[in-house]
4 protein chains.
Amino acid sequence: MDEVRRPGRPRDAARDDALLDAARQVLLRDGYAGLSMEKVATLAGVGKPTLYRRWPSRAALVADAVLHSFLASVPGSPAPGPHATGSQRLADWFRAYAASVGDPHHAAMVLALTAAAAESPHAAESLYRQHTRGQYESLVGHLRAGVASGEFRADADLEAVADALIGSVLYQLLTRTEQAAPARAEHLLQLLLPGLRAPGRPG
Amino acid sequence: MDEVRRPGRPRDAARDDALLDAARQVLLRDGYAGLSMEKVATLAGVGKPTLYRRWPSRAALVADAVLHSFLASVPGSPAPGPHATGSQRLADWFRAYAASVGDPHHAAMVLALTAAAAESPHAAESLYRQHTRGQYESLVGHLRAGVASGEFRADADLEAVADALIGSVLYQLLTRTEQAAPARAEHLLQLLLPGLRAPGRPG
Amino acid sequence: MDEVRRPGRPRDAARDDALLDAARQVLLRDGYAGLSMEKVATLAGVGKPTLYRRWPSRAALVADAVLHSFLASVPGSPAPGPHATGSQRLADWFRAYAASVGDPHHAAMVLALTAAAAESPHAAESLYRQHTRGQYESLVGHLRAGVASGEFRADADLEAVADALIGSVLYQLLTRTEQAAPARAEHLLQLLLPGLRAPGRPG
Amino acid sequence: MDEVRRPGRPRDAARDDALLDAARQVLLRDGYAGLSMEKVATLAGVGKPTLYRRWPSRAALVADAVLHSFLASVPGSPAPGPHATGSQRLADWFRAYAASVGDPHHAAMVLALTAAAAESPHAAESLYRQHTRGQYESLVGHLRAGVASGEFRADADLEAVADALIGSVLYQLLTRTEQAAPARAEHLLQLLLPGLRAPGRPG
DNA sequence: GAGTAACCGAGACGGTACGTCATGTCTTAAT
DNA sequence: ATTAAGACATGACGTACCGTCTCGGTTACTC
């Protein structure tokens, strides 16, 4: 718990923020392909060794930059009431998630993380998962609550639902230049809910 | 219709194949991050200008290499009978698709294409979609047949189904180092079919 | 003597001129360093093989281009009377030579030839001499006439005189960006004549 | 006066020497035409950027390599006595200069410098002069001493003498494959001295 | 006239080198 | 021990030329 005080000049935490900001800025402007360690360091007004001391690679830097972007900008779905049904909580979460990708900022971050994970599976080692786990588990949590309340089938593969919802949005992001229609999210929910609901429990 | 013969020495089609082969070989060994134009040209025994004359960028080369890989290796799902129901055709297609990603060759190709599309959205211009359209339309075709036969709801958003199925597999590929469980594909189908079927048409 | 008629379509002499013209044009604009076979061929509206069929190398092309430039543009000194003394003929020749280098055209040609000869002594094989022999021998001829008339010492090393005169102009061309002063030529003549004149023969 | 210490890692002076040595080695073996920046960098065991950081072009590198070669290898003429006459000092200098070109090492250096200066007059900007000024001024110094002692004419154009002597050697180097005869140097001196001597001052 | 052979343009080919940029490590002086 | 600055070896970038080749087509001499 207590920080170990190492000798010598301590690291300046302000540099971390400057570097992460710079990284996000470059990602937004030039995409993952256009992000070089050199460019980020220069833009942040920081020496290269300072950058390498904190993140050993482009992928690691991007992962952190994206994660912090989520923490800062996505405060979660719009506070569902504690007594909301599983369907409502699921729908609220997914609508918020699908909408967030409409923000170019956010879309750029997701694409960057995807690029980092896809370009070298050996090195990335489930980089993507590690940094999207928060959202993934948030979604699975909502689903589990629906199961607990008896609304959703007990034998439903909740991870399959999560993969389909998140994967669907990702795939649209990769293949559509125009923004994904919000109606598509609605339709997908309507498709999945019947299979998810416990028998004898109409929508 | 007839090919216009441009003046000058014609391009040697054998170089195309040598380059695409070399690209696939590098992708398989080193991933998208480890693919350099230089390496591909050298491996193919070809000069760099010959490579650049055909593909202006790494992303374009990879896209073609992956596309030709599919054409060569994925002859489609295992020939569903013409009288198969929509559910059967859909399930057959998706099982085959999910299984194909189990092949490391194929998985590497999909990851490479994903990396190319994600790393520079400006340049890629729906690169991914362009090269996966074949599979996408094949899937949507099966779904449409199910609608025509009255088995599937006429108002179902077929593209939402396709996005969810393909996206689900892609997301698993990106986030799981271990191979995706075949059971997951089955579960997803069971989740989607109830919402897809026309009312009064039990599974 | 009579040309051997080879079978097949004869070479088009007009291409030679177009190529030599193009070469001179490039030399004048970009210098020897800026002359590429490609550029010359393109400028002349001619295919590369047509160029290589006539001149096997940059140096050979430049040598010919420069030689033809001299033949075309330097009709020699301003016609000395047949009864002119050796001193007069020498001075006339040298003044004309020194002046000709003042012409940027001509200066560029001399520099190009110098570059070609200097850059690869192995390949050039006295390229320079071969193409400047005309002027060299013209000068030595004037000197020999002076010896024959008894005006110049019989034991004078005429080639040493020629080397000094031509070399002096060349060295000035290489080391002075501003144009060489015409007075310099006059002074050099005054320096050399006393040593050249036969004893008892005042200037 | 005191060197300003710029921030960052200072340049390694050893690289300069390695690069200049490599350049001279290549010049000697392959001539100016055969010298590529790539070859020099590789031979010196140095990266290309390190080379380009110091010399922006082939011509600049060659000029420095040649200059340092002279500084290292040509300690000047063989120490004329302080009481030597102008004629003697002049003859000593010129004999040493003419002989030095007999050394293939030295000849290659002079040719390389000539090539660099001749091939792109725009870029070179009196490159040649800048790097041969040392010798030029040494020679003019000897001549001026002769004028001061009254041996040489006060109105002699000393630069014309220098141009003729140096230019003569250069021209022979460019046009003769065989080594220039030492007798030629002697003859040239005999030709020039009468015109150079003050009236009433016999040789 | 039909062959035939060398010409012509255009441009692809395997190469080499260009000059620039980024990588990740290092050295330096200063904080 | 950290910092900014920047040199360093390495290697890829995308481009320009090299000199050779392969095309379809042209031209002129020889059967």
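Residues numbered from 1 in each chain as written. Chains lettered and ligands numbered in written order. Predicted model: local features only at pLDDT ≥ 70, side-chain atom pairs only at ≥ 80, totals over all residues. Heavy atoms only, no water.

Peer 1: Would you mind going over the relation of the copies chain B and chain A in detail, with residue names and values included?
Peer 2: When chain B is fitted to chain A, the residual RMSD is 0.2 Å, and the transformation amounts to a turn of 179° plus an axial shift of 0.0 Å. Overall, the copies show the geometry of a two-fold rotation axis. Using C-alpha coordinates, one finds that chain B approaches the rotation axis most closely at B:Gly167, a distance of 2.1 Å. A shared interface surface links the copies, since 100% of the contact residues of chain B are contact residues in chain A too. (Least-squares fit on C-alpha atoms with pLDDT ≥ 70 in both. Contact = heavy atoms within 4.5 Å.)

Peer 1: I'd love a proper account of the protein's contact with DNA strand E, names of residues and values included.
Peer 2: In the vicinity of DNA strand E lie 45 residues, with A:Glu38, B:Arg54, C:Arg53, C:Arg54 and D:Tyr52 positioned nearest. In the interface set of DNA strand E, defined as its atoms within 4 Å of the protein, sugar plus phosphate atoms amount to 64%. Between DNA strand E and A:Met37 there is a distance of 2.8 Å, counted from a phosphate oxygen to a backbone nitrogen or oxygen. Elements represented by at least two residues in the surface near DNA strand E include exactly helix H2 (37–44) and helix H3 (48–54) of chain A, helix H3 (48–54) of chain B, helix H3 (48–54) of chain C together with helix H2 (37–44) and helix H3 (48–54) of chain D. (Near = heavy atom within 4 Å. Polar contact = N/O pair within 3.5 Å; in protein donor to acceptor, adjacent residues only side chain to side chain. Helix = DSSP H or I, 4+ residues; strand = E, 2+ residues; numbered from the N terminus.)

Peer 1: Could you give an account of the protein's contact with DNA strand F, naming the residues involved and the relevant values?
Peer 2: Neighbouring residues of DNA strand F: 44 residues in total, closest A:Thr50, A:Arg53, A:Arg54, B:Tyr52 and C:Tyr52. When the atoms of DNA strand F within 4 Å of the protein are sorted by group, sugar and phosphate make up 63%. Measuring from a base oxygen of DNA strand F, one finds a side-chain N or O atom of C:Lys48 at 2.8 Å. A distance of 2.8 Å separates a phosphate oxygen of DNA strand F from a polar backbone atom of D:Asp12. If you list the elements that add at least two residues to the surface near DNA strand F, you get H3 of chain A, helix H2 (37–44) and H3 of chain B, helix H2 (37–44) and H3 of chain C together with H3 of chain D. The biggest single contributor to the surface near DNA strand F is H3(D), with five residues. When its residues are assigned to classes, the surface near DNA strand F shows 14 nonpolar, 10 polar and 20 charged. (Nonpolar A, V, L, I, M, F, W, Y, C, P; charged D, E, K, R; others polar.)

Peer 1: Would you mind going over the nonpolar core in detail, with residue names and values included?
Peer 2: In terms of nonpolar packing, the biggest core is built from 131 residues, with A:Val40, A:Leu90, A:Leu196, B:Val40, B:Leu90 and B:Leu196 touching the most fellow members. Not counting residues up to four positions away in its chain, the partners in contact with B:Val40 are B:Leu19, B:Ala22, B:Ala23, B:Val26, B:Leu35, B:Leu51 and B:Leu61. Judged by nonpolar contacts, the second largest core, of 130 residues, contains D:Leu90, D:Leu111, D:Ala162 and D:Leu188. (Core = buried A, V, L, I, M, F, W, Y, C linked by side-chain atoms within 4.5 Å. Buried < 20%, exposed > 50% of the residue type's maximum accessible area, 1.4 Å probe, protein only.)

Peer 1: Break down the environment of D:Ala145 for me, citing the residues and quoting the values.
Peer 2: Residues and elements named next belong to chain D. With respect to the helices, strands and loops of the structure, alanine 145 is situated in helix H8 (residues 127–148). Take alanine 145: its relative accessible area is 26%, and that puts it in the partly exposed class. For the pair alanine 145 and glycine 86, spaced 59 residues apart in sequence, the C-alpha to C-alpha distance is 6.4 Å.

Peer 1: A description of the relation of the copies chain C and chain D should follow, citing residues and the corresponding values.
Peer 2: When chain C is fitted to chain D, the residual RMSD is 0.2 Å, and the transformation amounts to a turn of 179° plus an axial shift of 0.0 Å. In this assembly the copies share their binding face: 98% of the residues contributing to the interface of chain C also contribute to that of chain D.

Peer 1: Can you break down the pattern of salt bridges residue by residue, with the values?
Peer 2: As a working rule, side chains carrying opposite charge can pair if their charged atoms are close by. Following the criterion strictly, the structure yields 51 salt bridges over all chains and no others. C:Asp163 serves as the salt-bridge partner of D:Arg184, at 3.4 Å between the closest nitrogen and oxygen. Of the two residues, D:Arg184 is situated in helix H10 (residues 182–196) and C:Asp163 in helix H9 (residues 158–175); the pairing between them involves two chains. (Salt bridge = Lys/Arg side-chain N within 4 Å of Asp/Glu carboxyl O.)

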